[in-house]
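# Observations on the model geometry
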Amino acid sequence: MQLGNGISRRYVILFSAGFIVIWLWLAMDEDRRLPKTIAWAIGKPVSTPENDVFDHPLLDSWELREICSSTEWNSSLILTCDDNRGGVGHVRNSILNCVRFAIGAGAGLVLPNIPLRDVEEMTAGAADTGDDIERRHGPGRQGMDYMFDKNHFVDSLRKSCPELVLVRHMEATTSNRRRSLLPESLFSNIPASGIEQPEEWRDRLNIWIEKYMSPEPAAEPVIVDLDQSVLHYPIYSDGQTLAHTFGDILKFRPDIRQMATKVLKGIAHSHDHEAGIAVQTFDISSPILNPSFIGVHLGTENPLAERHEVDVMYSHFEAQAAAYIEQATTSKIPIMYVASGNLPEVNKLVKEAKEWNVEVTHKEDVLQGKDADALAKLTWDQRALVDYLVLLKGQEFAGVGHSSFSWNIMLKRHQIGDGAGASLGNEVYRDGLSTLYGVRSSYVESSGCMWP
Ligand SMILES: *[C@@H]1O[C@H](CO)[C@@H](O)[C@H](O)[C@H]1NC(C)=O
């Protein structure tokens, strides 16, 4: 009896101690002050199926577990992933590439950071300014919870790739055992469809390390700061299932998800009251809401830093507006949700669409009061996350071929909505659920390097 008690007490203590350590690890912020997630949970409602239709479980992938368990892991090699520039389309892909490259190398990974963008830089269309160090370690940098749910990322990788060591934080040290690298630079002649032998990455990296890094002091880990890899990792090299689910390690922050849910509810509400049109209430929890609205991405504000040169015609407001209105009227969808960071252009679209009896709505139009205030507090790139989520669920989606944002949404809808095969004709790329305007065949090839 006593023995049993002793054991169980010891277990309780051990278990609690372990739990507290894990909890602290997860909850503590880099600066070791009051955990942000906790402070945050006090003022915000916890996600429920009612207030957050974009919540999803951790990635639970046996395909990834298989890759990770058959990898030889090297505790003296660590990669950082801080060069995740651009809008959400680029940032998502860039972080996912880093994780894949880390797994490929059997290396540890420091939790990614996201450099802030300068709105002026976006409107002026200037690309890189400032040197590498400034960009990577300058003051304008946030942790990944700037956009994503960090705990979800960590826990998903624990579940599906438990061998991968995640390092919470790393200082910007200099050392002759540390250097930055653009992963694809170790490969030559890369076609638009991506690196041809991604499995050679590990060996190529080790050769590069031997060539450029000091062998001493051997006790110190080798650190490789990954530069942003843009559309070069062929995602289907891991098989279709993993290609389609790997992106689930990234989930947007709960406040963004809840805000997007409110936008959907707002659209559904106005939809129900649409005068003279008999429409049924839509259940906003379905993956694709049909019938509901056509979501469009007015992608005129930021055609910079894309890999391809911008298609002249569809980079302008007029061509996008005309294509979107035509698609809405052809599909007989009376409500259009427009995603844009440019309110004057949104208002222009509202006017033009009205002539065709298409009612245009947008997040600033739907969110009122406290919700509008919360939206206004977000940065330009964070507000785009709300649009991203809303666009995933529309009955149809229309976007532009030169935008990684549009591509991300089309590919994600394709995967969640089980769309038909996609086809390209006349620079228009469509599957059963989405249409992109201004698409060249090389863009379609590159889309095999974007994780949905
Ligand atoms: C681990 O990485 C270090 C640094 O790159 C390298 O010197 C060592 O050979 C690697 N070990 C294995 C087993 O790959």
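The coordinates are above.
It should be emphasised that the depicted structure is a prediction, and the values quoted were computed from it without experimental measurement.

## Comments concerning the overall build of the protein
A count of helical and extended segments in the protein gives 17 helices and 14 strands. Put simply, the protein has 452 residues, and 51% of those count as buried. Sequence separation of at least 24 residues holds for 78% of the intrachain contacts in the protein that already meet a minimum separation of 6. As displayed, the protein offers around 21,200 Å² of accessible surface, 55% of which is attributable to carbon and sulfur atoms.

## Here's the deal with the state of the cysteines
By the definition in use, this model includes two disulfides. Residue Cys68 pairs covalently with Cys161 via a disulfide, S to S 2.0 Å. Of note, the bridge from Cys68 to Cys161 carries an S-S torsion of about -105° and is left-handed in sense. Pair noted here: Cys68 is in helix H3 (residues 62-69) and Cys161 is in the loop between helix H7 (150-160) and strand S5 (166-167), with a separation of 93 residues, a long-range link.

## Focus on the nonpolar core
With 92 residues, the main nonpolar core has Phe153 and Val224 as its most contacted residues. Apart from residues no more than four positions distant in its own chain, Val224 is found in contact with Leu77, Ile78, Leu79, Thr80, Arg179, Leu181, Trp208, Ile209 and Met213.

## Remarks on the site of the ligand
Glu72, Asn74, Ser76, Ile209 and Val222 make up every residue found near the ligand. The separation between an oxygen atom of the ligand and a polar side-chain atom of Asn74 is 2.3 Å. Bound to the protein, the ligand loses 56% of the 360 Å² it would expose on its own. By residue class, the composition of the shell around the ligand is two nonpolar, two polar and one charged.

## As for the environment of Lys159
Secondary-structure assignment places Lys159 in helix H7. On the basis of relative accessible area, Lys159 is assigned to the partly exposed category, the value being 38%. As a C-alpha pair, Lys159 and Arg65 span 94 residues in sequence and 8.2 Å in three-dimensional space.

The rules behind these values
- Residues numbered from 1 in each chain as written.
- Predicted model: local features only at pLDDT ≥ 70, side-chain atom pairs only at ≥ 80, totals over all residues.
- Heavy atoms only, no water.
- Helix = DSSP H or I, 4+ residues; strand = E, 2+ residues; numbered from the N terminus.
- Buried < 20%, exposed > 50% of the residue type's maximum accessible area, 1.4 Å probe, protein only.
- Contact = heavy atoms within 4.5 Å.
- Areas by Shrake-Rupley, 256 points an atom, 1.4 Å probe, with all protein chains shown as cover.
- Disulfide = S-S within 2.5 Å.
- Core = buried A, V, L, I, M, F, W, Y, C linked by side-chain atoms within 4.5 Å.
- Near = heavy atom within 4 Å.
- Polar contact = N/O pair within 3.5 Å; in protein donor to acceptor, adjacent residues only side chain to side chain.
- Nonpolar A, V, L, I, M, F, W, Y, C, P; charged D, E, K, R; others polar.

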